[in-house]
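Here are the chains, one letter per residue:
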Amino acid sequence: MDYSQEYYESDIRHWNRKKCWKYFADNIFMVSSLAAVVLGIASGLVLKICFTIPALDQLYISFPGEILMRMLQMVTAPLIVTSVITGVSGLSVGTSRRIAVRTAVYFVSTTLMSVITGMILVLLIKPGVAYTADKSDTDEEEKFSTVDALLDLIRNMVPQNLVQACFQQYKTERIEFQLHTFEPNSSVETDATEVRLVERYVEGANTLGLIVCSFTFGLTLKRMGDRGRVLVELLTIFNGATKYVVNLILCYLPVGVLFMIINHVIEVHDWDTTYKLGKFMVVVIIGLIIHGVIILPMVYFLWVRRNPWRVIKGVSPALLTAVLISSSSATLPLTLQCCEERNNIDRRISRFMLPIGTNVNMDGTALYEVVAAVFIAQLNHINLDLSQLITLGVTAAVSSIGAAGIPATGAVTTLFVLTAMGLPAKEASILVVVEWLLDRCNTVVNVLGDCIGVALIDQLSKRELVEMEINDQDGSRSPDSNAEGSVQDEVHTSNTESFQTIESLYITS
């Protein structure tokens, strides 16, 4: 009896050990990233306390992290361009045009709402700023720079050279010149100040121009139909190859993050960053709660006049799974089951929207990226103007779409946004400490946005679904109308014969 109990306990221990190794194998990226963070902090503290590291050696320590940033910059433009083109050109489906338009409007509007929510919170709370910013500019200069920023925003939307747009963007600078003049009929010299606008190109990818051109090109390929299908397939393959390259880069990511954190710990002379990181987490969580608990249910209620909590209750198993596995793509089968069986969503709507929404509608990820990018800019005392904030919001929304299928989308796409905006991404390594937790919260909001969108479009498209069903029935009847008529004649004849037979038997009896 003791032997069997001991054997049972050893079997349980072996099963737990096997389950633990399987969990580490399935989450190797998260485990390795967290291990790199812990090892980087420990190594940085040891080097900082025990040794005096000169600036030249710090440069050598940061070299692996610099290589990581270069690799990410290399794939940023191809990933965004191919994702936008294939996403726009792939919207042509055999569904009702009104349903497709409603779906696109919902995805775009909710993503913009999440971006705006995150932008407002991070600008109001300012988690990366310890003190109030020094306002040295006058009101007149701020108004003037705002006008120039808006004009530069429009100019960058129409780049002169697409190749140049991959690494440079247009910027107008306001420069004051001192002029020495003589008054008429006098030898008195006077000094005057003249403001001139200097137009030049600065380093940094023109992401907004690439997005606009890619969107236009995708619409053109969609309107071309079969003639543009070959190029769409080629770009789809190129997009998949780019994501494969990104996955290869992710294998090097823990190494790069390790040395970036070591260098960051050596350079940090105050631990005020820890307090700022806590404020950053609070801002992200508050934004996700506002978007998931207030904005999305309010959108559903205002358009449908139904209780949104029934929808949320119906998809609660999918939301729980999203928290545990932190992947909206892996949650898709359960999400489909909850929407169709628990919420009684039409299969045509759920099968059309959910696969697209899983890859396109990333509200939580977009909100996280906006807050993270502005947080990093605040840490580096960089004041973003209006055009940079607008470009940042658009870039975050598009990169959240382009990051579909990439593990740990929050951390990776934040690096994409920072490098695309030309912001310093060295301090982004500290976000990995909290990214594993925030990414799960992002995934819940992503899945919730898809489920509420499916329920909303299903309620708004009842008439179109009935029309589609009638058209399908009419289409199935038309080619077989003659056959159906002959079958009905045969059935009528057989029924008449059987009735006569039963009547003759009744008379005989």
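As the structure is a prediction and not an experimental result, all values here were calculated from the model.

## Quick notes on the overall build of the chain
Then step 1. A count of helices and strands for the chain gives 20 helices and two strands.
Then step 2. Here the contacts in the chain between residues at least 6 apart in sequence split such that 82% fall between residues at least 24 apart.
Then step 3. Of the roughly 28,700 Å² that the chain leaves accessible, carbon and sulfur atoms contribute 63%.

## Focus: the nonpolar core
Then step 1. By size, the foremost hydrophobic cluster in this structure holds 51 residues, and its most contacted members are F280, F375 and L431.
Then step 2. Contributions of two or more residues to this core are made by α4 (63–89), α5 (97–125), α9 (229–267), α10 (272–304), α15 (363–379), α16 (386–402), α17 (409–421) and α18 (432–460).
Then step 3. In terms of residue count, the dominant contributor to this core is α15 (12 residues).
Then step 4. With sequence-adjacent residues up to four places away left out, L431 is seen in contact with L277, F280, Y368, A372, F375, I376 and T414.
Then step 5. Y106, V299, Y300 and L354 belong to the second largest nonpolar core, which has 33 residues in total.

## Topic: the packing of aromatic side chains
Then step 1. As enumerated under the stated definition, the model contains four aromatic pairs in all.
Then step 2. Relative to Y368, the ring of F280 lies with its centre 5.9 Å away and its plane at 65 degrees, an arrangement referred to as edge-to-face. Linking F280 in helix α10 with Y368 in helix α15, this pair joins segments that are 88 residues apart in sequence.
Then step 3. Residue class for Y368 comes out buried when judged on its relative accessible area of 1%.
Then step 4. One aromatic cluster is present, built from ring pairs that chain together F280, Y368 and F375.

## Examining unusual backbone geometry
Peptide bonds are, in most cases, trans, and in most cases residues other than glycine have a negative phi.
Then step 1. A positive phi angle, close to 55 degrees, is found at N344, a residue other than glycine.
Then step 2. Tracing the chain through its elements places N344 in the loop between α13 (332–342) and α14 (347–360).
Then step 3. A positive phi angle is found at H381, which is not glycine, with a value near 60 degrees.
Then step 4. Topologically, H381 is positioned in the loop between α15 and α16.

## Focus: α13
Then step 1. Within the span of α13, buried status applies to L332, T335, L336, C338, C339 and E340.
Then step 2. N344 lies just past α13 and shows a positive phi near 55 degrees.

## Thoughts on the packing of α13 against α14
Then step 1. Where α13 meets α14, the axes come as close as 10 Å, and the angle between the chain directions of the two elements is 150 degrees. One element, α13, and the other, α14, form an angle in the roughly antiparallel class. Every pair of crossing elements has a handedness; the one defined by α13 and α14 is right-handed. Between α13, through L332, T335, L336, C339 and E340, and α14, the contact on the second element is made entirely by R347, S350, R351, L354, P355 and T358.
Then step 2. Residues of the contact of α13 with α14, tallied by class, amount to five nonpolar, three polar and three charged.

## Looking at α15
Then step 1. Taking 1.5 Å as the rise per residue, α15 with 17 residues should run 24 Å; its terminal C-alpha atoms sit 24 Å apart, in good agreement.
Then step 2. By the criterion of burial, α15 is predominantly enclosed, with 17 of the 17 residues buried.
Then step 3. Directly after α15, the chain includes H381, whose backbone phi takes a positive value near 60 degrees.

## Quick look at the environment of V311
Then step 1. Structurally, V311 is set in helix α11 (residues 308–314).
Then step 2. A relative accessible area of 7% means that V311 is categorised as buried.
Then step 3. Sequence separation between V311 and C451 is 140 residues; the distance between their C-alpha atoms is 7.6 Å.
Then step 4. Dropping the residues within four chain positions of it, V311 is found in contact with Y300, N343, C451, I452 and A455.

## Focus: the side chain of N239
Then step 1. Among the secondary structure elements, N239 is positioned in helix α9.
Then step 2. Separated by 2.9 Å, the side chains of N239 and T82 make a polar contact.

## Some remarks on the confidence of the model for the chain
Then step 1. In the predicted model, the chain carries a mean pLDDT of 76, and the fraction of residues at 70 or more is 72%.
Then step 2. Looking over the chain, one finds the lowest element-wise mean pLDDT in helix α20 (residues 481–508), namely 45, and the highest in α11, namely 92.
Then step 3. Segment residues 131–144: pLDDT under 50, and five contacts once partners within four positions in sequence are set aside and those in other chains are kept.
Then step 4. Confidence drops under pLDDT 50 across residues 486–509; counting only partners more than four residues distant or on other chains, this segment forms zero contacts.

## Re the pattern of salt bridges
Then step 1. This model, assessed by the stated rule, comprises four salt bridges.
Then step 2. A salt bridge links R70 to E66; the nearest nitrogen and oxygen atoms lie 3.5 Å apart. In this pair, R70 and E66 both sit in helix α4, four residues apart, roughly one turn of the helix.
Then step 3. Residue class for R70 comes out exposed when judged on its relative accessible area of 53%.
Then step 4. Among the residues examined, E66 registers a relative accessible area of 35% and is labelled partly exposed.

Reading the values: rules and limits
Residues numbered from 1 in each chain as written. Predicted model: local features only at pLDDT ≥ 70, side-chain atom pairs only at ≥ 80, totals over all residues. Heavy atoms only, no water. Helix = DSSP H or I, 4+ residues; strand = E, 2+ residues; numbered from the N terminus. Contact = heavy atoms within 4.5 Å. Areas by Shrake-Rupley, 256 points an atom, 1.4 Å probe, with all protein chains shown as cover. Core = buried A, V, L, I, M, F, W, Y, C linked by side-chain atoms within 4.5 Å. Buried < 20%, exposed > 50% of the residue type's maximum accessible area, 1.4 Å probe, protein only. Phe/Tyr/Trp six-rings, centres within 6.5 Å; stacked < 30°, edge-to-face > 60°. Axes fitted to C-alpha atoms, helices over the stretch in contact; angles between N-to-C directions. Parallel < 35°, antiparallel > 145°, perpendicular 65-115°, else oblique. Left-handed = near helix turned anticlockwise from the far one by under 90°. Nonpolar A, V, L, I, M, F, W, Y, C, P; charged D, E, K, R; others polar. Expected span 1.5 Å × (residues − 1). Polar contact = N/O pair within 3.5 Å; in protein donor to acceptor, adjacent residues only side chain to side chain. pLDDT = per-residue confidence, 0-100. Salt bridge = Lys/Arg side-chain N within 4 Å of Asp/Glu carboxyl O.

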